[in-house]
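For reference, the chains in residue letters:
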Amino acid sequence: MADDQMNGSQILLKALEEQGVDVIFGYPGGAVLPIYDEIFKQDAIRHILVRHEQGAMHAAEGYARSTGKVGVVLVTSGPGATNTVTGLTDALMDSIPVVCLTGQVPTHLIGNDAFQEADITGITRPCTKHNYLVKDVNALARMVHEAFYVARSGRPGPVVVDLPKDVMTAMGDYTPVSRVTHRTYKPRMKGDINLIRRAVDIMAAAKRPILYCGGGIINSGPAASQLLTEFVRLTGFPCTLTVMGLGAFPASDPLYLGMLGMHGTYEANLAMHGCDVMVAIGARFDDRITGRLADFSPNSRKIHIDIDPSSINKNVPVEVGIVGDVGHVLEDMIKVWKAEQASPDQKALAEWWKSIDQWRARDCLRYEKSTKVIKPQYALQRLYELTKDLDDVYITTEVGQHQMWAAQHYRFDKPNHWMTSGGLGTMGYGLPAAMGVQVAHPKALVIDIAGEASVIMNIQEMSTIAQYRLPVKVFILNNEYMGMVRQWQELLYGGRYAETYMHCLPDFVKLAEAFQAVGLRATKPGEVDDVIREMIETDRAVIADIRVDQMENCFPMIPSGAAHNEMLLGPGDEAETPVAEEGMVLV
Amino acid sequence: MTTQTETEIQTTIAVLVDNEPGVLARVIGLFSGRGYNIESLTVAEVNTQEGLSRITIVTSGTPMVIEQIKAQLERLVPVHKVCDLTMDGAYVDRELALVKVKSTGEARVESLRVAEIFRARVVDSTSESFVFEIVGDTGKLNAFINLMEPLGLVDVSRTGVAAIARGSRPL
């Protein structure tokens with residue numbers, strides 16, 4: 001075997017190649033020099049040099065979410081590794097498959113407080129799905145293959161592989177992926193058929209049903225979205241999606257009620273509140289969805305399908321919990337539904353749709369139009385109208401008001417085209433994520449719908465975007481405030497805008513030029529269309545600075561600690577009861 | 001919160017894990033990170049050939065929380081098996097304590113008498129102290145230690161609970 005021996009860095013790259021990795025987002029440093037030296041000598045894997053390790057993580061997330069593949073990050077030890085923690089947590093919360101390779105000081109120095117040493121397996125234990133410290137070069141290939149398997153299997157998530165420098169130069173044997181099987185981790189894919197039958201029986205008897213679907217459908221793959229669409233149309237049940245699930249069911253379908261939750265539509269939230277049967281598919285009853293738990297959908301029988309057993313009965317007890325991949329379960333469910341010729345009470349269903357149509361008639365996403373100032377909702381509606389007929393459009397967002405407006409007004413008909421930080425709410429996510437999407441889809445139109453505060457958090461990635469000539473479009477809804485925080489201060493803290501106004505923001509047009517991108521600006525509603533058109537037509541990176549109404553609030557809104565039927569629909573709406581202390585402590 | 005109205009129950013959970021670095025930290029981190037209680041935790045390797053360790057955890061919570069704890073433990077990658085001994089039927093649990101008592105005269109004699117009643121053994125002795133070794137369930141150990149308190153108790157070391165299901169079936 002001695003002839004076949006390779007050094008650790010070669011083993012690593014061979015393992016990555018065997019895993020089908022074509023791109024790595026990374027940043028070099030002392031501890032990973034041996035790996036970079038091997039990267040230099042090969043052509044199979046492309047390396048994208050980011051400007052900050054957090055950017056690498058979000059880029060890998062954008063890459064993963066838009067392709068369904070595992071995103072890969074390579075960073076050095078110490079600060080390089082600790083800078084990935086936000087991205088790892090983000091990927092954990094949103095179940096995004098990422099393998100993060102971190103350099104480490106040589107094994108004999110571990111624990112010595114060596115230069116650029118950090119206990120990264122210790123630090124990342126709670127924010128990864130799993131992590132590895134490789135101490136033996138002969139275990140390296142197996143651990144890398146395992147890391148990819150764990151990252152993409154079951155409920156996907158981030159995995160860290162910590163690589164001491166001496167292991168990367170030591171000689172050892174390669175283990176091909178075909179010889180690696182995992183001892184313990186074998187997630188269940190098929191759902192229990194008896195539970196599926198019970199679920200179908202409950203659904204067939206429903207008078208006021210709703211399907212509440214989330215990111216699990218996107219993670220299961222495009223086939224699951226197809227199956228969901230088939231199932232919704234087969235049953236004629238209304239369907240609502242979480243912010244993570246947008247695109248899993250076509251927004252243009254009349255059976256779609258829009259997004260639900262804190263800033264979801266009136267019809268979706270009231271249907272959730274008033275339903276008699278709720279089927280949660282690949283969603284996890286997050287607090288942004290449920291509002292006050294005690295009053296969450298009080299009169300419904302609940303069915304929950306999820307690949308993660310710990311998601312079932314975590315926040316909301318359900319009658320039927322089905323553990324399995326939502327794609328497999330939906331496939332079986334459709335078969336059972338057809339075999340049993342399930343036929344819900346059509347009259348009751350028609351009544352239910354009549355109620356829903358009345359709620360829809362409230363037109364909850366309407367806003368006061370203006371000819372003087374640009375309403376952020378208007379800018380997004382125009383962006384949607386001017387891009388909806390284009391072939392391949394991917395949207396990423398930062399976090400805040402603009403994110404919720406984008407979720408409300410940009411309509412997705414396909415999965416994997418919407419990338420947003422849902423669980424962690426990471427400001428600074430959108431720009432690097434868009435970069436990762438653009439790397440994976442060089443010809444596509446990739447737009448980061450941004451707020452000016454969020455985008456500055458990772459603005460350095462504009463330099464990466466310039467280096468690789470990525471034509472990413474940054475569409476900033478600029479209100480000079482941390483808008484969502486300001487909105488809460490207005491609604492809950494007596495309009496005391498503590499530290500939410502940003503003085504001395506950069507001139508985004510000049511900033512674009514400094515990063516070799518094109519800067520555009522719109523200050524009046526009449527300029528919006530021209531700016532969007534020019535942005536789309538420009539084949540380089542663009543920053544579009546859309547100066548929007550500074551005081552616009554995002555509605556509808558369920559104040560924290562309130563129930564679904566206590567929504568605020570617009571500026572004229574006051575909360576019926578002031579937000580209780582209990583609600584104030586919730587964020 | 002719907003769970004607060006439910007009463008808390010105590011449960012003993014056995015977890016079979018790969019004996020690899022950091023596995024105990026994963027389990028403890030899970031409990032602290034998610035705010036679960038640990039009343040007792042013991043761990044030791046039980047199968048050297050396959051490299052398996054067994055962790056016994058005594059915890060308490062509402063039935064919904066206990067269900068969560070088990071699901072969360074099962075989710076950890078190096079975990080082979082999670083077994084709720086309290087739920088799954090009869091089981092035996094034992095704990096060992098070393099109890100140091102410093103006294104002379106009547107108290108010293110009395111501590112020996114109590115030890116005899118509890119079937120505790122003397123494993124170390126000086127002219128003014130004893131170290132007792134006692135094995136039993138948690139309640140018995142608590143009772144013994146309480147009785148030793150006025151008789152010159154100065155130090156206690158306990159192993160935590162080890163537990164195993166009754167009957168012929170393995171974990």
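Residues numbered from 1 in each chain as written. Chains lettered and ligands numbered in written order. Predicted model: local features only at pLDDT ≥ 70, side-chain atom pairs only at ≥ 80, totals over all residues. Heavy atoms only, no water.

A. Region of the structure containing the overall build of chain B. A tally of regular secondary structure across chain B gives four helices and nine strands. In sequence order, the secondary structure elements of chain B are arranged as β-α-β-β-α-β-β-α-β-β-α-β-β. Along the first, second and third principal axes, the C-alpha set of chain B runs to 55 × 45 × 30 Å. The buried share of chain B, reckoned over its 171 residues, is 43%. Across chain B, every contact between residues at least 6 apart in sequence was considered, and the portion connecting residues at least 24 apart equals 71%. Each charge class in chain B can be summarised by its mean position, and for the 17 positive and 22 negative side chains these summaries are 3 Å apart. (Helix = DSSP H or I, 4+ residues; strand = E, 2+ residues; numbered from the N terminus. Buried < 20%, exposed > 50% of the residue type's maximum accessible area, 1.4 Å probe, protein only. Contact = heavy atoms within 4.5 Å. Lys, Arg positive; Asp, Glu negative; His and termini not counted. Charge placed at Lys NZ, Arg CZ, Asp CG, Glu CD.)

B. Main features of the overall build of chain A. For chain A, the count of helices and strands is 24 helices and 20 strands. Relative to the compact-globule value of 25 Å for 587 residues, chain A shows a C-alpha radius of gyration of 25 Å, a close match. Within chain A, the proportion of its 587 residues that are buried is 61%. Sequence separation of 24 or more characterises 76% of the internal contacts of chain A that already satisfy a separation of 6 or more. As displayed, chain A has an accessible area near 22,600 Å², and 51% of this comes from carbon and sulfur atoms. For chain A, the separation between the mean place of its 54 positive charges and that of its 70 negative charges on side chains is 4 Å. (Rg over C-alpha atoms; globule rule 2.2 N^0.38 Å. Areas by Shrake-Rupley, 256 points an atom, 1.4 Å probe, with all protein chains shown as cover.)

C. View of the sheet that holds strand 14 (residues 320-323) of chain A. Residue and element names in this part refer to chain A. Taken in spatial order, the six strands line up as 11-10-9-12-13-14 in an open sheet, and their pairing is parallel. The open sheet has two free edges, formed respectively by strand 11 (256-259) and strand 14, since each of these has just one partner strand. Ignoring strand direction, the axes of neighbouring strands in this sheet form an average angle of 15°. In the sheet, strand 13 (residues 301-306) pairs with strand 14 via four bridges, with the strands oriented parallel. (Pairing = 2+ DSSP bridges. Axes fitted to C-alpha atoms, helices over the stretch in contact; angles between N-to-C directions.)

D. Geometry of the confidence of the model for chain B. Averaged over every residue, the pLDDT of chain B is 94; residues scoring 70 or more account for 97%. With a pTM of 0.95, the predicted complex shows an ipTM of 0.89. (pLDDT = per-residue confidence, 0-100.)

E. Expanded view of the nonpolar core. Residue and element names in this part refer to chain A. With 109 residues, the main nonpolar core has Met203, Ile281, Phe475 and Ile546 as its most contacted residues. Ranked by residue count, the leading element in this core is helix 14 (residues 326-339), at seven residues. Those residues in contact with Phe475, other than ones at most four positions away along the chain, are Ala379, Leu380, Leu383, Ile447, Asp448, Ile449, Ala450, Ile532, Met535, Ala544 and Ile546. In this structure, Phe25, Val75, Leu88 and Met419 belong to the second largest nonpolar core, which totals 47 residues. (Core = buried A, V, L, I, M, F, W, Y, C linked by side-chain atoms within 4.5 Å.)

F. Broad picture of the pairing of strand 4 (residues 71-75) of chain A. Residues and elements named next belong to chain A. A large share of strand 4 lies buried, amounting to five of its five residues. Across the two faces of strand 4 the burial is the same, with Gly71, Val73 and Val75 and Val72 and Leu74 all buried. The sheet contact formed by strand 2 (residues 23-26) and strand 4 spans two bridges and is parallel. Within strand 4, the residue paired with Gly26 across the bridge is Leu74. Pairing between strand 4 and strand 5 (residues 98-104): five bridges, direction parallel. Within strand 5, the position partnered with Val72 by the bridge is Val99.

G. Molecular detail of the packing of helix 16 (residues 376-387) of chain A against helix 17 (residues 401-409) of chain A. Residue and element names in this part refer to chain A. Running from amino to carboxyl end, helix 16 crosses helix 17 at an angle of 45°, the nearest separation of the two axes being 10 Å. Considered as vectors, helix 16 and helix 17 are oriented oblique to each other. You can see that helix 16 and helix 17 cross each other, and the crossing is right-handed. Residues Pro376, Gln377, Leu380, Gln381 and Tyr384 of helix 16 form the contact with helix 17, whose participating residues are His402, Trp405, Ala406 and His409. Within the contact of helix 16 with helix 17, the residues separate by chemical class into five nonpolar, four polar and no charged. (Parallel < 35°, antiparallel > 145°, perpendicular 65-115°, else oblique. Left-handed = near helix turned anticlockwise from the far one by under 90°. Nonpolar A, V, L, I, M, F, W, Y, C, P; charged D, E, K, R; others polar.)

H. Broad picture of the interface of chain B and chain A. Taken residue by residue, the interface counts 19 residues in chain B and 20 residues in chain A. By the criterion of area lost to chain A, the three top residues of chain B are Arg26, Met64 and Val77 of chain B, representing 38% of everything that side buries. The interface formed by chain B and chain A contains two salt bridges. A salt bridge links Arg75 of chain B to Asp308 of chain A; its shortest N-O distance comes to 2.6 Å. Put simply, chain B and chain A have seven residue pairs in polar contact (both at pLDDT 80 or more) between them. Those elements giving two or more residues to the side of chain B that touches chain A turn out to be helix 1 (23-33), helix 2 (63-75) and strand 4 (79-84) of chain B. Per-element accounting of the side of chain B that touches chain A gives the leading share, six residues, to helix 2 of chain B. (Buried area = accessible area lost by both parts, 1.4 Å probe. Salt bridge = Lys/Arg side-chain N within 4 Å of Asp/Glu carboxyl O. Polar contact = N/O pair within 3.5 Å; in protein donor to acceptor, adjacent residues only side chain to side chain.)

I. Structural context of the side chain of Lys70 of chain B. In this structure, Lys70 of chain B sits in helix 2. Sequence-distant contacts of Lys70 of chain B, that is, excluding residues within four places in its chain, are made with Ile13, Val82, Asp84 and Met87 of chain B.

J. Looking closely at unusual backbone geometry. All names here are of chain A. Here the bond from Phe555 into Pro556 is cis, since omega is -5°, no more than 30 degrees from zero. Structurally, Pro556 is set in the loop between strand 20 (542-547) and helix 24 (581-585). Positive phi, normally seen in glycine, also occurs at Glu499, with a value near 60°. Following the sequence through the fold, Glu499 ends up in the loop between helix 21 (483-492) and helix 22 (508-514). Judged by relative accessible area, which is 71%, Glu499 ranks as exposed. Positive phi values are uncommon outside glycine, yet Gln516 reaches one of about 60°.

K. Spotlight on the pattern of salt bridges. With the rule as written, the count across this model stands at 36 salt bridges over all chains. Lys41 of chain A serves as the salt-bridge partner of Glu38 of chain A, at 3.5 Å between the closest nitrogen and oxygen. Judged by its relative accessible area of 10%, Glu38 of chain A is buried. Judged by relative accessible area, Lys41 of chain A falls into the exposed class, the value being 55%. Here Arg158 of chain B ties to Glu95 of chain B by a salt bridge, and the two come within 3.0 Å at their closest N and O atoms. Here Arg158 of chain B is found in strand 8 (residues 153-158), whereas its partner Glu95 of chain B is found in strand 5 (residues 91-102), with 63 residues between them in sequence. Look at Arg158 of chain B and you get partly exposed, because its relative accessible area is 32%. Within this structure, Glu480, Asp507, Arg521, Asp545 and Arg547 of chain A form a network of salt bridges that share partners.

L. Spotlight on the sheet that holds strand 2 of chain A. All names here are of chain A. Strand order in this open sheet of six strands is 3-2-4-5-7-6, and the pairing throughout is parallel. The open sheet has two edge strands with one neighbour each: strand 3 (46-49) and strand 6 (130-133). Taking the axes of each pair of neighbouring strands and ignoring which way they run, one obtains an average angle of 20° across the sheet. Set on the sheet, helix 5 (residues 85-93) makes contact with strand 5 and strand 7 (158-164); between it and strand 7 the angle comes to about 145°.

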